[in-house]
Amino acid sequence: MATPDTNRSGSPLHPTTAETLLALGSNGETGLTGSEARNRLDRLGPNEVPEEKRHPLLHFLKKFWGLSAWMIELIALLSFVLHKQADLLVAVLLLIVNAILSFLQEQRASAAVTALRRQLNVTARVLRDGTWQTAAARTLVIGDIVRIRAGDFVPADLQLLDGVLQIDESALTGESREVERSVNGAIYAGATIRRGEGTGVVVATGAQTYFGRTTELVAGAHPKLHVEEVVARVVRWLLVIVGILVALTLAVSSVKGLPLLDTLPIALVLLMSAVPVALPVMFTVSMALGSMELSRRGVLITQLSAIEDAATMDVLCADKTGTLTMNQLSLRGVEPLNGFSESDVLQTAAFASNEANADPIDLAFLRAEKEHNLGNADARTVSFQPFSAATRRTESIVMLGDRRIRCVKGALRTVAEAAGLDAGAITELEGHANIEAQNGVRVMAVARADDEGSLVLIGLAYLYDAPRPDSRRLIDELRLLGIQVKMLTGDALSVARAIAGVLGLGTIIRAPDLHASPREAGERGTDMAEVADGFAEVFPEDKFLVVKRLQAAGHVVGMTGDGVNDAPALRQAEVGIAVSGASDVAKSAASAVLTHEGLVDIIDLVKSGRAIYQRVLTWVVNKISRTILKAGFVVLAFLATGQFVISALGMVLLVFMTDFVKIALATDRVRPSEHPETWNIVPLVKVAVVLGLLMLAEALALLAYGWHRFALGDGGGRLQTFTFQILLFFALFSILSVRERRAFWMSRPSTPLVSALVADAVLGMLIGIHGLAELHPLPLAQSLLVAIFAGVLVLGPNDILKTSLTERALRRKQ
């Protein structure tokens, strides 16, 4: 897609900035007033493109399309052909109830994601009432003055008032080549600022923007999750096992001369028992509820995979600034050089700062300037060059009356070399700086040039960012969770080691040391990355290297970042975490965004991920054991008695009564593991198989007892009801047992789960007492016998065996 016509400089043909400001009724120095901005927002609407929403009715009708729905619909059709009106009615009712439950739960999950998107809107720095402030991009109006810089998404169509920018419009045009925009140039909503910074006036918002699109930070696509692969593998094996049993059943039925139309419904239901009917809803609800709970604690999830991967994360690479430290730089002192005063150094450093960018270093100098009353109302900034990893300095041109002053601040060696100091002088200054660095103090050099004169180093400034009071405790807590914390900082090695000592971290190495020769890069580089507790002198590209090295060593890595250059590392890490105040590009690349500074939100993310992992494991173990119980019971009982001991209707009813109880597992109280999880669940699958076979033997024994004691084989439909209750109560007590890896009484299930279990048990008893279609009534004593027998065995010897086998399996996993 082509952009509008441009002039030779690459800037689109537009009125001058003065003409645009006049036409829009705006002021480049003070912006709009707050009241005018509110009036325009009410009149023009929010800066967003209305989302095309699918009609809820279409979403509801989709619930009647799918493997489980097809099987029930086929059973209903066969019931109609066989004139089994009661079976037909119940099958249709189950189909409708299933659709309603799924629809309501997914609507609930969708509402949670929508609320999350509202929390994670793109923000913009906007000038209103003469003050720079941060506002949601959706509140921008035509005429607003907006500040944009590297790493920002362009929040609306803008005309540039000042600055020179390199812009990536590939998301809009499909062209990967960066374009340059300067004063008067047009910048379109949805583009990304790669380099530079500037100020622009909003000329179009929402659907009126040139490309008619807005940016979102919450991923709309559904990523491929590990749990989906694991469940798919489990279901494939279950389908193979059940398929073999069904084939055996059909073969025996054929030999016995049973009509195919009588056998086919039960065969379909047996196959359906291996299908994860409730899992998609349970997992969606669990993830959505987990995301909302995390958002209340300050973690905004942009990709569902973040919660899952957080469960398996065993290394966290944490930015020092803002994560381990306060991110509140304070000026510890100033050392003037070459005859200049402290005031000269402070004022020059403040001139080389920009309040609109909200950079911590810039704000520290601007605060100091204000505290020392060094502000100069006559000063006018002509140009400003922001800090970048390439230049390692900020630079501005300031006019003081007729005087033109070039102001520079940045890394000591960079500024000293620019000022023309020789190697000996620079070494001497660095030696002095290293002494300060041993106390965790960061040294910045300040230089200036008057008019056309040479740049002169005028002094050093000492900045300090204190470690957060809770950082050491939280690092210890992460270690107890089996997660190794590695500190990353752009500070010099001596500064990094001083801060690491306070935080209880050990070996700190220089990030450049990771750039080994090709022959050494593999083994030596990986060893260094694993052994070190932190890295100093880190450039953004070094973060990507650290992640790759750790992943090569078999680790699941979490990485924090905030800048545009951190995006590759955030994407590469399994858990990319954009810290508080991160750029839009960093937030977009990350899978989780922190709204608070520090590590506490990351601990919540880990615990939430591990809790959801435990819920999924509960489902897997329960699904395997119950499928073995149901399929094995029906087939073996058929081979032994020569008749189907439960009808297709009874099996369908059983599947939905038990499977949809497990939706409530999304709300269950669970105990997060003390170690990183792994998706190698083969040991636990073996536990599930043993439990399934044990329950199968117990259920068949109870059926044999009932067959002889209560004469269930004489017809009348009581056999169907007795079998239905056996399978139901074994399933319900199994859920209660398997949800806890230790003895079942060690934790209390959630209220929704208890309510669902009790409701199922009551409904099962009522069906036993009053009957339903082919399920004829049973004496209350027989129903109670089934419930008590299943409860005593599942929560007694079975639970003891489960605890022992699970402990052994978990030891093997570790």
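**Q** It is not clear to me how the sheet that holds strand β16 (residues 441-450) should be interpreted in this structure. Could you clarify?
**A** Taken in spatial order, the six strands of this open sheet run β12-β17-β16-β15-β14-β13, and their pairing is antiparallel. Lying at the two open borders of the sheet, with one neighbouring strand each, are β12 (330-336) and β13 (379-385). Sheet twist, expressed as the average angle between the axes of neighbouring strands with direction ignored, equals 25°. With eight bridges joining them, β16 and strand β17 (residues 456-464) adopt antiparallel strand pairing. Its bridge partner being in β17, A447 is matched across the sheet by L457.

**Q** Is there a simple way to explain helix α24 (residues 648-659) in this structure?
**A** Each α-helix winds once per 3.6 residues, and so residues spaced three or four apart point in a common direction. Here α24 contains 12 residues, and its C-alpha end-to-end distance of 16 Å stays within 8% of the 16 Å for a straight helix at 1.5 Å per residue. With 12 of 12 residues buried, α24 is to be regarded as a mostly interior element. Restricting attention to buried positions, one finds in α24 the residues A648, L649, G650, M651, V652, L653, L654, V655, F656, M657, T658 and D659.

**Q** Got a minute to help me understand unusual backbone geometry in this structure?
**A** For residues that are not glycine, phi is negative in most cases, and the peptide bond is trans in most cases. Although it is not a glycine, N373 adopts a positive phi angle of roughly 50°. Mapping N373 onto the fold places it in the loop between α13 (360-371) and β13. Note on N373: relative accessible area 68%, which makes it exposed. If you check the backbone angles, D451 has positive phi at about 50° while not being a glycine.

**Q** What's the story with the environment of K370 in this structure? I'm lost.
**A** With respect to the helices and strands, the residue K370 is situated in helix α13. In sequence terms K370 and A350 are 20 residues apart; their C-alpha atoms lie 9.4 Å from each other.

**Q** Please clarify how the confidence of the model for the protein chain should be interpreted in this entry.
**A** Residues of the protein chain with pLDDT of at least 70 account for 86%, and the chain-wide mean is 82. Throughout residues 1-13 the model reports pLDDT below 50, and contacts reaching past four residues in sequence, or to other chains, amount to 28 contacts. Between residues 214-223, whose pLDDT stays under 50, and residues either more than four places distant or in other chains, the model counts 28 contacts.

**Q** Explanation requested: the sheet that holds strand β1 (residues 123-128) in the structure shown.
**A** To summarise the sheet geometry, strands pair through backbone hydrogen bonds and adopt either a parallel or an antiparallel arrangement. The antiparallel open sheet is built from six strands, whose spatial order is β2-β1-β3-β9-β4-β7. A strand with exactly one partner marks an edge of an open sheet, and here the two such strands are β2 (131-136) and β7 (186-187). In this sheet, strand β9 (residues 197-204) lies alongside strand β3 (residues 145-149) in antiparallel orientation, the contact comprising five bridges. Counted as the bridge partner of R149 is E197 from β9. Packing against the sheet, helix α1 (residues 17-24) makes contact with β3, β4 (157-163) and β9, and its axis sits at approximately 45° to β9.

**Q** I tried to follow a nonpolar patch on the surface on my own but got confused; where do I start?
**A** Judged by side-chain polarity, I769, L780, L784, I788 and V792 come together as a nonpolar surface patch covering roughly 430 Å² of accessible area. If you tally residues by element for the nonpolar patch, the top one is helix α28 (residues 780-795), at four residues. Structurally, the position occupied by L784 is in helix α28.

**Q** What should I look at first to understand the packing of helix α10 (residues 305-312) against helix α23 (residues 600-641) in this one?
**A** At a minimum axis separation of 7 Å, α10 and α23 run at an interaxial angle of 90°. The angle between the axes of α10 and α23 places the two elements in the roughly perpendicular class. Across the interface between the two elements, A306, I307, A310 and A311 of α10 pack against L605, V606, S608, G609, R610, I612 and Y613 of α23. Considering only residue class, the contact of α10 with α23 consists of eight nonpolar, two polar and one charged.

**Q** Which parts of the structure should I look at to understand the packing of aromatic side chains?
**A** Between two aromatic rings, the relevant description is the distance of the centres plus the angle of the planes. Evaluated as defined, the whole model comprises four aromatic pairs. Summarising the aromatic geometry, the rings of F710 and F722 are spaced 6.1 Å apart at their centres and angled 65° between planes, so their arrangement reads as edge-to-face. Remark: F722 occurs in helix α26 (residues 718-738) and F710 occurs in the loop between α25 (682-709) and α26; sequence separation between them is 12 residues. Accessibility classification places F710 together with F722 in one group, the buried group. Ring geometry for F744 against W745: centres 5.5 Å apart, planes inclined by 80°, an arrangement best described as edge-to-face. Taking the relative accessible area as the measure of exposure, F744 reaches 22% and is therefore partly exposed. Judged by its relative accessible area of 61%, W745 is exposed.

**Q** I would appreciate a short explanation of the packing of α24 against helix α27 (residues 751-770) in the present structure.
**A** Each pair of packed helices can be summarised by the angle the axes make with each other and by the distance between the axes. At a minimum axis distance of 10 Å, the contact between α24 and α27 shows a crossing angle of 160°. It follows from the interaxial angle that α24 and α27 lie roughly antiparallel. Where α24 crosses over α27, the two elements pack in a sense that is right-handed. Counted together, L653, M657 and T658 of α24 and D760, L763, G764 and I767 of α27 form the full contact between these two elements. Here the contact of α24 with α27 is composed, by residue class, of four nonpolar, two polar and one charged.

**Q** What is the right way to read the pairing of β16 from this model?
**A** Two faces, one strand: in a regular strand the side chains alternate between the faces of the sheet. Burial analysis of β16 places eight of its 10 residues in the buried class, the great majority of the element. With seven bridges connecting them, strand β15 (residues 403-411) and β16 associate as antiparallel partners. Its bridge partner being in β16, K409 is matched across the sheet by V446. Linking β16 back to β17 in an antiparallel pair, the connection comprises five residues, with D451 at a positive phi of about 50°.

**Q** In this structure, what is going on with helix α12 (residues 342-351)? I would like to understand it.
**A** Within α12, seven of the 10 residues are buried, which leaves it mostly tucked inside the rest of the structure. Within the span of α12, buried status applies to V345, L346, Q347, T348, A349, A350 and F351.

**Q** What exactly am I supposed to notice about the side chain of N354 here?
**A** Its location among the elements puts N354 in the loop between α12 and α13. For N354, a relative accessible area of 15% puts it in the buried group. Excluding its chain neighbours within four sequence positions, the residues that come into contact with N354 are R147, E197, D362, L366 and F384.

Rules behind the numbers
- Residues numbered from 1 in each chain as written.
- Predicted model: local features only at pLDDT ≥ 70, side-chain atom pairs only at ≥ 80, totals over all residues.
- Heavy atoms only, no water.
- Pairing = 2+ DSSP bridges.
- Helix = DSSP H or I, 4+ residues; strand = E, 2+ residues; numbered from the N terminus.
- Axes fitted to C-alpha atoms, helices over the stretch in contact; angles between N-to-C directions.
- Expected span 1.5 Å × (residues − 1).
- Buried < 20%, exposed > 50% of the residue type's maximum accessible area, 1.4 Å probe, protein only.
- pLDDT = per-residue confidence, 0-100.
- Contact = heavy atoms within 4.5 Å.
- Patch = residues over 30% accessible without salt bridge, like charges linked within 9 Å, V, L, I, M, F, W, Y side chains within 5 Å.
- Areas by Shrake-Rupley, 256 points an atom, 1.4 Å probe, with all protein chains shown as cover.
- Salt bridge = Lys/Arg side-chain N within 4 Å of Asp/Glu carboxyl O.
- Parallel < 35°, antiparallel > 145°, perpendicular 65-115°, else oblique.
- Nonpolar A, V, L, I, M, F, W, Y, C, P; charged D, E, K, R; others polar.
- Phe/Tyr/Trp six-rings, centres within 6.5 Å; stacked < 30°, edge-to-face > 60°.
- Left-handed = near helix turned anticlockwise from the far one by under 90°.

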